[in-house]
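Coordinate analysis (summary)
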Amino acid sequence: MSGGRFEFAGWCLFTVSGVMFLVAALRAGDALLLWGSITWLVGVGFFLAGIKGRG
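The next subject is the side chain of Ser37. Structurally, Ser37 is set in helix α2 (residues 31-54). A residue is classified by how much of its surface remains accessible, and Ser37, at 2% relative accessible area, is buried. Those residues in contact with Ser37 that lie beyond four places of it in its chain are Gly18, Phe21 and Leu22.

Next comes the structure, spelled out in structure tokens:
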């Protein structure tokens, strides 16, 4: 696997963790965790868009 593929796989795993935190926030009814999860996922989306733009 090339370095770029490892980087992309890492960001995909960050996305999965963000979705898990989002689900946990919804189940717990915790607004702060919910907004933190959404912010995390948006940030990861920006990084993934940057990777796609390079490749």
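Another point: the packing of helix α1 (residues 3-28) against α2. Relative placement of two packed helices is described by the angle separating their axes and the distance separating the axes. Viewed as axis vectors pointing N to C, α1 and α2 meet at an angle of 160 degrees, and their least axial separation amounts to 9 Å. Of the possible angle classes, the one that applies to α1 and α2 is roughly antiparallel. Considering the relative orientation of α1 and α2, their crossing is left-handed. The residue inventory of the contact of α1 with α2, partitioned by class, reads 18 nonpolar, four polar and two charged.

Turning our eyes to something else, we now look at the environment of Glu7. Among the structural elements, Glu7 can be located in helix α1. Owing to a relative accessible area of 31%, Glu7 belongs among the partly exposed residues under this scheme. Between the alpha carbons of Glu7 and Val23 there is a distance of 25 Å; along the sequence they are 16 residues apart. Setting aside residues no more than four positions away along its own chain, Glu7 makes contact with Ile51 and Arg54.

This paragraph deals with α1. With 26 residues, α1 should cover 38 Å at 1.5 Å per step; its first-to-last C-alpha distance of 37 Å lies within 8% of that length. Every buried residue of α1 is listed here: Trp11, Gly18, Leu22 and Ala25. Lining the buried residues of α1 we find α2. Remark: Gly29 follows α1 within two positions and exhibits a positive phi of approximately 70 degrees.

Conventions and cut-offs
- Residues numbered from 1 in each chain as written.
- Predicted model: local features only at pLDDT ≥ 70, side-chain atom pairs only at ≥ 80, totals over all residues.
- Heavy atoms only, no water.
- Helix = DSSP H or I, 4+ residues; strand = E, 2+ residues; numbered from the N terminus.
- Buried < 20%, exposed > 50% of the residue type's maximum accessible area, 1.4 Å probe, protein only.
- Contact = heavy atoms within 4.5 Å.
- Axes fitted to C-alpha atoms, helices over the stretch in contact; angles between N-to-C directions.
- Parallel < 35°, antiparallel > 145°, perpendicular 65-115°, else oblique.
- Left-handed = near helix turned anticlockwise from the far one by under 90°.
- Nonpolar A, V, L, I, M, F, W, Y, C, P; charged D, E, K, R; others polar.
- Expected span 1.5 Å × (residues − 1).

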